[in-house]
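# Coordinate analysis (summary)
Spelled out from the first residue to the last, the chains are:
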Amino acid sequence: SHKYLSIVFTNCFCLPGDDNSGRKVITFSCCRMPPSHQLNHTRLLEYLKYTLDQYVENDYTVVYFHYGLKSLNKPSLKWLQTAYKEFDRNCSYSVLPSPAFNIFLTISFSFPRYKKNLKALYVVHPTNFIKILWNIFKPLISHKFGKKITYLNYLADLGQHLKYDQLNIPQEVIRHDENLWRKQKGKPPPVVKVPPPRPPLPTQQFGVSLQYIKDKNKGELIPPVMKETVSYLKSKGLQVEGLFRRSASIQTIKDVQKLYNQGKSVNFDDYHDIHIPAVILKTFLRELPEPLLTFDCYDHILEITSVESCLRVTRCKQIIQGLPEHNYVVLKYLICFLHMVSQESIYNRMTASSLACVFGLNLIRPQKGTTSLGALVPVNLFTELLIDFYTNIFNSRTVPGE
């Protein structure tokens, strides 16, 4: 929405993708908040709710970078009181640590719909003041929700929970972290060592290109992991409520990935959890070196909201026609399945719009940096159109061997 453009351009909020469990990650960076007189904090609050509303039906994670919140950009007390009334009209208490962090907390434990699927809230570089007030008000918060909050004093600690390199951490935060290390430990922070990439196995499925998988599987266009997960979900998951919304055990996902990469068979019945093949499918798409819709299509997709409503399906079709043949076939196979899922939405509650929120960022991303929240609307709209109008968009191109 145009009324949120001033908030979007600050890049306070980012959506760097999914975590290792397939949960959406939302980051908030205080250092990117402009001076209070330049920022409409009412719009900021509306935008926070607007952002969360798109993802609270799915499992999600929030990373809050506290550094950079100063008197210059800190919201006023009057605004905070308004925010509390907005989020919890029956709230009889007042909590006043960091304003932005406090709003996350108020949203989360005042509204069950936000609290239920928030699986983790990481607070990076918390001040002692935040920790003290948290201990004071901890009795007001359920033990279950309290366990979701993790304080991280250093960025190195964050790397133990999330993919550090995908978070697009502000340089100001990185420099602050380095200063903290020198001050507390008398030396610079440890360098995050990334092991050199190993040559992929001949049977590798994850983290390799579609062409590589095709070459190693006798020219088959649809990767085995996609074929098996889709087939299983078609037979046993189409009417499962919340399909694709739930996460799964990180260790289980790693174990299944290992089996596929080693060319071993996977029997999803052994896991007694329909969400495991669903997460595996999303993980496969997310770990492709180039997204299925390709980097070249990213800017074209972002322009979809500027196209007249009556012409959007035609524009989607034009963009899809420009894909390489292999990408087109795999995308057609996937969207056909997602269209089937959406047809069962009376049972599974997964409409085309819901599926687009889950799959959009797994199908397209920028070549550099992370996806801003401002890009979510066109990305999700484009994906929703593909699912809703599958027959119209994919009816005019046939590739040999599909």
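Residues numbered from 1 in each chain as written. Predicted model: local features only at pLDDT ≥ 70, side-chain atom pairs only at ≥ 80, totals over all residues. Heavy atoms only, no water.

## A short note on the pattern of salt bridges
One pass over the structure, following the stated rule, counts three salt bridges. A salt bridge links arginine 246 to aspartate 59; its shortest N-O distance comes to 3.2 Å. Here arginine 246 is found in the loop between helix H11 (224–236) and helix H12 (250–261), whereas its partner aspartate 59 is found in the loop between helix H2 (41–53) and strand E3 (60–65), with 187 residues between them in sequence. Since its relative accessible area comes to 24%, arginine 246 is described here as partly exposed. Of the residues examined, aspartate 59 reaches a relative accessible area of 5% and is grouped as buried. Lysine 236 is the salt-bridge partner of aspartate 269, the closest N and O atoms lying 2.8 Å from each other. With a gap of 33 residues between them, aspartate 269 in the loop between H12 and helix H13 (275–286) and lysine 236 in helix H11 connect regions that are remote in the sequence. (Salt bridge = Lys/Arg side-chain N within 4 Å of Asp/Glu carboxyl O. Helix = DSSP H or I, 4+ residues; strand = E, 2+ residues; numbered from the N terminus. Buried < 20%, exposed > 50% of the residue type's maximum accessible area, 1.4 Å probe, protein only.)

## Section: the nonpolar core
Note on soluble globular proteins: their nonpolar side chains tend to be buried together. Phe244, Ile320 and Phe359 are the most contacted members of the largest nonpolar core, which totals 90 residues. Counting the residues that make up this core, at least three belong to each of domain 1 (4–184) and domain 2 (210–395). Apart from residues no more than four positions distant in its own chain, phenylalanine 359 is found in contact with Phe244, Leu281, Lys282, Leu285, Leu334 and Leu338. Counting 14 residues, the second-largest nonpolar core is a separate cluster that includes Cys31, Phe65, Val124 and Leu158. (Core = buried A, V, L, I, M, F, W, Y, C linked by side-chain atoms within 4.5 Å. Domains from an automatic or database assignment. Contact = heavy atoms within 4.5 Å.)

## Re the packing of H13 against helix H18 (residues 352–363)
Packing of H13 against H18 leaves a shortest axis separation of 8 Å and a crossing angle of 30°. One element, H13, and the other, H18, form an angle in the roughly parallel class. When the axes of H13 and H18 are compared, the crossing they make is left-handed. Of the residues in H18, those in contact with Leu281, Lys282, Leu285 and Arg286 of H13 are Val358, Phe359, Asn362 and Leu363. (Axes fitted to C-alpha atoms, helices over the stretch in contact; angles between N-to-C directions. Parallel < 35°, antiparallel > 145°, perpendicular 65-115°, else oblique. Left-handed = near helix turned anticlockwise from the far one by under 90°.)

## Looking at the side chain of serine 247
With respect to the secondary-structure elements, serine 247 resides in the loop between H11 and H12. Each residue touching serine 247, except ones within four places of it in the same chain, is listed here: Ser21, Arg23, Asp59, His275 and Val279.

## Concerning unusual backbone geometry
Even without being a glycine, lysine 218 presents a positive backbone phi close to 55°. Of note, lysine 218 is situated in the loop between helix H10 (210–216) and H11. Phi is positive for arginine 349, close to 65°, though the residue is something other than glycine. Relative to the helices and strands, arginine 349 is located in the loop between helix H17 (345–348) and H18.

## Some points on the packing of aromatic side chains
Within a pair of aromatic rings, the relevant descriptors are the distance that separates the centres and the angle that separates the planes. Going through the model one piece at a time under the given rule, you end up with nine aromatic pairs. Relative to phenylalanine 337, the ring of phenylalanine 244 has its centre 6.2 Å away and its plane inclined at 75°; by these criteria the two rings are edge-to-face. Of the two residues, phenylalanine 244 is situated in the loop between H11 and H12 and phenylalanine 337 in helix H16 (residues 325–343); the sequence distance between them amounts to 93 residues. Across the pair, phenylalanine 337 and phenylalanine 244 agree in class, each one buried. Through a chain of ring-to-ring contacts, the aromatic side chains of Phe206, Tyr260 and Phe284 assemble into a single cluster. (Phe/Tyr/Trp six-rings, centres within 6.5 Å; stacked < 30°, edge-to-face > 60°.)

## Description of the sheet that holds strand E2 (residues 24–29)
The six strands lie next to each other as E5-E4-E3-E2-E1-E6, forming an open sheet whose pairing is mixed. Edge strands, defined here as strands with exactly one partner in the open sheet, are strand E5 (149–152) and strand E6 (371–372). (Pairing = 2+ DSSP bridges.)

## Here's the deal with the confidence of the model for the protein chain
Across the protein chain, the average pLDDT comes to 83, with 82% of residues at or above 70. The lowest-confidence element of the protein chain is helix H4 (residues 99–110), averaging 52 in pLDDT; the highest-confidence one is H11, averaging 97. Scored below 50 in pLDDT, residues 88–97 shows 21 contacts in the model against residues more than four places distant or in partner chains. (pLDDT = per-residue confidence, 0-100.)

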